[in-house]
Amino acid sequence: MTLEEKVQQTTNVALGVGRLGLFGYTWWNEALHGYAAAPGSQFNIPSDAEFGSATSFPLPILMGAAFDDELISQVASVIGMESRAFANYEWSGLDFWTPDINLIPGLQGGLDNLDEKQIIATCKHYIANNAETNRYGENYDPTRQDLGEYYLPPFKACMRDVGSGSLMCAYNAALGVPMCANEYFQEDILRGQWNFTAPYNYITSDCGAVGYIFTDHEFVDNATAAAAVAMNAGTDLNCGNTYNNLVEAVQNGWTSEGRIDEALDRLYNALFTVGFFDGQEEYSNLDWSNVNLPSSQALAYKAAWEGITLIKNDGLLPLQSEPARVALIGPYGNATEQLQGIYAGVAPYLVSPLQAASAQWSSVDYALGTQINASSTENFTEAINIASSADLIVYLGGLDSTVERETIDRPTLAWPGNQLDLINELSNLDKPLAVVQFGGGQVDDSPLLANDNVKALLWAGYPGQEGGNAIVDVMTGKQSPAGRLTTTQYPAEFADQVGLFNPDLRPNENGSYPGRTYKWYTGDAVVPFGYGLHYTDFDFEWAGHDRMHHKIPIHALGHKGWKNHHGHEKSGPMDTEVFTTLSACIQNVGSRASDYVGLLFLSTTDAGPAPYPDKWLVSYSRAHDIQAGESATIDLPVELGWLARANEEGDLVVYPGHYTFSLDIDAKISFDFELFGEPLVVDTLAERGTYNFTVPVYPQSNELIAG
């Protein structure tokens with residue numbers, strides 16, 4: 001190839017080289033929670049034609065609330081299979097932006113042979129992509145401690161531990177340097193420490209991010225310089241067209257043709273892993289018959305109901321008998337596409353709450369009442385009139401993509417618009433009232449929790465194509481809720497207490513900054529992380545905890561060949577070695593069968609540097625269908641990396657001190673132990689070096705050490 005031809009292959013619309021028989025390829029296909037449309041991925045028309053639709057699962061924020069790894073693995077396998085089927089018939093490419101860690105192995109076809117993938121999965125957005133406001137030009141300066149303990153671990157797991165084929169660098173800057181030009185994060189950490197160095201491992205920019213290095217970050221003087229610093233920092237693919245300036249950049253001596261060759265080697269090696277050039281026996285036979293299988297539809301339903309979380313229940317749910325007349329009120333009452341959330345594809349069907357309720361109950365009325373973010377009360381009267389003659393009122397609202405999505409930050413944590421006003425009027429009717437809250441983020445539910453006439457509150461996220469069925473079945477008790485909130489529900493004033501662009505997690509000493517996340521927040525959460533009620537009651541006891549010693553020498557940890565108390569060895573990075581596996585016996589002492597999610601937390605008041613987190617999650621497991629009067633045992637493995645805390649340099653260290661394991665957010669049962677001896681470093685954070693840019697640069701903070 002000529003230099004010009006090489007450069008033409010470094011953008012997301014790679015033109016190919018006809019004279020060499022090299023086909024073009026469009027990078028950028030979407031599959032966040034099901035195959036979806038993007039520049040490289042399309043649907044047939046109409047939707048009932050072959051390749052006209054694909055299974056639409058709940059958004060990951062709801063599936064995550066199920067805390068069910070096997071469920072997520074199955075969902076990932078379906079998404080990967082369906083996406084590959086579309087690709088085989090040229091409806092899409094073979095790389096998909098699918099940034100969920102637990103999904104990666106299933107999407108790509110497993111961890112056993114990464115040279116033969118089902119699709120290429122991309123984790124994003126690396127790193128500290130905290131806010132949508134000023135998303136193209138903001139800089140964040142996390143402390144090294146917060147980097148090592150919070151911001152980096154998800155990407156370390158994605159790239160180092162589960163073998164994601166590619167990574168997307170974010171729009172924002174970190175430590176003064178735009179991420180797609182940030183050698184510290186991309187070369188020193190990603191490739192240097194996490195061994196993201198397989199021939200097929202490549203980095204893509206977010207769309208337009210390379211251009212924003214110049215236009216929004218003002219880090220360099222022009223677009224050609226932006227292309228040069230991004231390419232030099234290891235960004236192999238530009239989603240956008242700024243890399244068209246690379247010919248000039250090479251001519252100026254700002255980057256090299258050899259570096260462009262390296263980028264193309266990575267990109268084409270990645271395409272070889274999915275059989276783009278020479279086919280692939282294992283996955284090339286997938287076709288339309290593998291899309292929208294009945295088993296996949298059943299899985300979409302399971303993924304929805306397993307994540308639904310019961311926040312309040314004053315005895316209304318599950319419904320004990322069929323109500324004579326049901327009133328569905330609110331902007332989600334007859335929702336279809338709203339149930340999918342963002343990055344959604346064309347679903348084979350969408351079951352609205354109204355459709356599911358009408359199939360379940362003999363008399364159902366519906367009124368909109370209000371919109372998500374409306375101020376007008378013109379539809380209140382109809383809603384109140386319908387509700388007045390009902391035996392059960394169900395309000396369905398919360399958030400949707402008009403107030404939360406990519407490019408939009410919510411200015412408040414309160415319920416948007418006048419929804420609470422309508423709910424309050426409905427509650428004054430003295431009828432049984434349940435509220436179903438939708439959305440990815442949380443809102444301050446304090447008014448609903450304090451209102452005695454609101455008898456039940458469910459959080460349903462964005463439940464996907466089976467959302468209506470899942471909600472109704474949870475309300476009737478066909479399915480028993482066991483989901484747990486994956487997000488702390490803060491009081492509304494929290495938004496005024498923390499700066500939008502402040503990435504610090506730990507509270508400050510004078511109390512003016514309350515900290516972020518359930519680990520560090522010093523205020524009173526409205527509903528805490530991990531909260532979720534059930535339709536039954538459980539008793540708990542440790543199973544075989546006598547095998548866990550109460551005093552453990554640190555020098556016995558992390559040695560090659562070290563065994564946990566089950567006698568099992570684990571190879572790999574030291575932070576992934578298993579410290580111990582606790583087992584808990586869960587007995588259903590109520591009257592209804594139910595799943596149970598066991599959340600294992602760790603806390604300390606003297607191990608490592610102050611301040612100390614309230615607690616942190618170290619393991620989880622979901623027990624399924626525990627019948628009334630029966631028991632189930634869950635295993636909770638704890639890796640050394642989760643036992644560790646970050647020092648001021650960002651290294652993960654197992655410290656001597658006193659610790660407590662607790663099951664569930666309110667410590668149903670607990671176990672105390674002590675570690676003694678010298679601290680053990682189980683993972684390190686690379687030191688920042690001196691970076692010699694080939695063009696003048698203008699850092700956005702004083703954190704950059706530049707030559």
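Residues numbered from 1 in each chain as written. Predicted model: local features only at pLDDT ≥ 70, side-chain atom pairs only at ≥ 80, totals over all residues. Heavy atoms only, no water.

Here the focus is the overall build of the protein. On a plain count of helices and strands, the protein comes out with 20 helices and 26 strands. Its C-alpha atoms give the protein a radius of gyration of 26 Å, near enough to 27 Å, the size a compact globule of 707 residues would have. Summarising its shape, the C-alpha atoms of the protein cover approximately 75 × 65 × 50 Å along the three principal directions. Taken as a whole, the protein presents about 26,400 Å² of accessible surface, with 47% of it coming from carbon and sulfur. Computed over 35 positive and 88 negative side-chain charges, the inter-centroid distance for the protein is 3 Å. (Helix = DSSP H or I, 4+ residues; strand = E, 2+ residues; numbered from the N terminus. Rg over C-alpha atoms; globule rule 2.2 N^0.38 Å. Areas by Shrake-Rupley, 256 points an atom, 1.4 Å probe, with all protein chains shown as cover. Lys, Arg positive; Asp, Glu negative; His and termini not counted. Charge placed at Lys NZ, Arg CZ, Asp CG, Glu CD.)

Further remarks concern the domain arrangement of the protein. Examined at the domain level, the protein breaks down into domain 1 (3-57 + 66-290), domain 2 (294-486), domain 3 (490-524) and domain 4 (538-676). Computed from C-alpha atoms alone, the centre-to-centre distance between domain 2 and domain 4 is 35 Å. The interface of domain 2 with domain 4 comprises 10 residues on the first partner and 10 residues on the second. Where domain 2 meets domain 4, there are 2 salt bridges. Two residues, D664 and R484, come together in a salt bridge whose shortest N-O distance is 2.7 Å. Of the residues assigned to the side of domain 2 that touches domain 4, the class counts are 4 nonpolar, 4 polar and 2 charged. (Domains from an automatic or database assignment. Contact = heavy atoms within 4.5 Å. Salt bridge = Lys/Arg side-chain N within 4 Å of Asp/Glu carboxyl O. Nonpolar A, V, L, I, M, F, W, Y, C, P; charged D, E, K, R; others polar.)

Glancing now at the packing of helix α5 (residues 144-151) against helix α6 (residues 153-161). When two helices pack together, their arrangement is captured by the angle between the axes and the distance separating the axes. Interaxial distance between α5 and α6 falls to 6 Å at its minimum, and their mutual angle equals 50 degrees. As summarised for this structure, α5 and α6 are arranged oblique, according to the angle between their axes. Counted together, L147, G148, E149, Y150 and Y151 of α5 and P153, P154 and F155 of α6 form the full contact between these two elements. Here the contact of α5 with α6 is built from residues that sort into 6 nonpolar, 1 polar and 1 charged. (Axes fitted to C-alpha atoms, helices over the stretch in contact; angles between N-to-C directions. Parallel < 35°, antiparallel > 145°, perpendicular 65-115°, else oblique.)

A word on helix α17 (residues 467-476). For α17, the buried fraction is high: 9 of the 10 residues fall into the buried class. Looking at α17, one finds that the buried residues are G467, G468, A470, I471, V472, D473, V474, M475 and T476. Tucked inside the fold, the buried residues of α17 contact α12 (294-307), α13 (353-360), β13 (392-398), β14 (433-438) and β15 (456-461). (Buried < 20%, exposed > 50% of the residue type's maximum accessible area, 1.4 Å probe, protein only.)

The full count for this structure, using the stated rule, is 3 disulfides. The residue that forms a disulfide with C123 is C158, at a sulfur-sulfur distance of 1.5 Å. Taken as a pair, C123 in strand β4 (residues 120-126) and C158 in helix α6 lie far apart in primary sequence, 35 residues in all. Note on accessibility: C123 and C158 belong to one class, buried. For C207, the disulfide goes to C239, at an S-S distance of 2.0 Å. Between C207 and C239 the disulfide shows an S-S torsion of about 70 degrees. By sign, it is right-handed. Of this pair, C207 sits in the loop between β9 (202-205) and α8 (209-215) while C239 sits in the loop between α9 (223-232) and α10 (246-251), and the two are 32 residues apart along the sequence. The two residues C207 and C239 agree in class, both being buried. (Disulfide = S-S within 2.5 Å.)

On to the sheet that holds strand β7 (residues 173-174), then. What the 3 strands build is an open sheet, ordered β5-β7-β8; its pairing is mixed. In the strand order of this sheet, the two ends are held by β5 (139-140) and β8 (177-178), each with one partner. By the bridge criterion, 2 bridges tie β7 to β8 in an arrangement that is antiparallel. Looking at the pairing, A174 lines up with V177 of β8. (Pairing = 2+ DSSP bridges.)

Spatially, the 4 strands line up as an open sheet ordered β3-β4-β6-β9, and their pairing is parallel. Two strands bound the open sheet, and with one partner strand each, they are β3 (95-97) and β9. Across the sheet, the axes of successive neighbouring strands diverge by a mean angle of 30 degrees, strand direction being ignored. The pairing of β4 with strand β6 (residues 166-169) spans 3 bridges and is classified as parallel. Within β6, the position partnered with T122 by the bridge is S166.

Mapped onto the elements, Q489 comes out in the loop between α17 and α18 (494-497). The spacing of Q489 and I72 is 417 residues in sequence and 24 Å in space, taken between C-alpha atoms. Not counting the four nearest positions on each side in its chain, Q489 is found in contact with I311, Q437, Q442, V443, D444, D445, A525, V526 and V527. Polar contacts involving the side chain of Q489 include one to the main-chain amide nitrogen of D445, which spans 2.8 Å. (Polar contact = N/O pair within 3.5 Å; in protein donor to acceptor, adjacent residues only side chain to side chain.)

Another aspect to go through is the pattern of salt bridges. Overall, the coordinates contain 29 salt bridges when judged by the stated rule. Among the ionic pairs, R144 bridges to E687, the shortest N-O distance being 4.0 Å. With R144 in helix α5 and E687 in the segment after β26 (680-683), this residue pair connects regions lying 543 residues apart in the sequence. For R144, a relative accessible area of 18% gives the class buried. Residue class for E687 comes out exposed when judged on its relative accessible area of 55%. One salt bridge in this structure joins R506 and E149, with 2.9 Å as the shortest N-O distance. Highlighted residues: R506 in the loop between α18 and α19 (517-520) and E149 in helix α5, separated in sequence by 357 residues. A single salt-bridge network, built from bridges that share partners, covers E187, R191, D236, R259, E262 and R266.

Next up on the list: the UniProt feature "domain: Fibronectin type III-like" (unreviewed entry) in the protein. Using the residue numbers shown here, the UniProt feature "domain: Fibronectin type III-like" (unreviewed entry) corresponds to residues 596-667. Across residues 596-667, helical content stands at 6% and strand content at 57%; the span's end C-alpha atoms are separated by 15 Å. (UniProt positions renumbered as here; feature names shortened; annotations may be inferred.)

The probe, sized like a water molecule, is rolled over the atoms to show the empty space still left. Space inside the second largest pocket adds up to approximately 300 Å³. Lining the second largest pocket are 17 residues; nearest its centre among them are A87, E90, S92, L94 and F276. Counting residues per element, the ones that place at least two in the lining of the second largest pocket are β2 (25-26) and α3 (69-88). Looking at the lining of the second largest pocket, the element that brings in the most residues is α3, giving 3 residues. Broken down by class, the residue content of the lining of the second largest pocket amounts to 6 nonpolar, 9 polar and 2 charged. (1 Å grid on protein atoms, 1.4 Å probe; cavity = no way out; pocket = protein on both sides within 12 Å on 5 of 7 lines; lining within 4 Å. Points joined across faces, edges and corners; volume = space filled by probe spheres on them.)

Looking now at a negative patch on the surface. Residues D115, E116, D278, E281 and E282 make up a contiguous surface patch of negative charge. As for its placement among the helices and strands, D278 is situated in the loop between α11 (257-273) and α12. (Patch = residues over 30% accessible without salt bridge, like charges linked within 9 Å, V, L, I, M, F, W, Y side chains within 5 Å.)

Buried residues dominate strand β20 (residues 616-626), accounting for 8 of its 11 residues. Pairing of strand β19 (residues 594-604) with β20 involves 8 bridges; the strand directions are antiparallel. The residue bridging L602 from the neighbouring strand is W616, located in β20.

Turning our attention to empty space enclosed by the protein. Using the criterion set out here, one finds 4 cavities of 30 Å³ or more in the structure. The space that makes up the largest cavity amounts to roughly 90 Å³. Mapped onto the lining of the largest cavity, the elements with two or more residues apiece are α5 and α6. For the lining of the largest cavity, a count of residues per class yields 7 nonpolar, 4 polar and 2 charged. Considering only enclosed or pocket space, the second largest cavity measures out at about 40 Å³ in volume. Among the elements of the structure, α13, β13 and α17 are those that each provide at least two residues to the lining of the second largest cavity. Among the elements that take part in the lining of the second largest cavity, α17 stands out by supplying 3 residues, more than any other.

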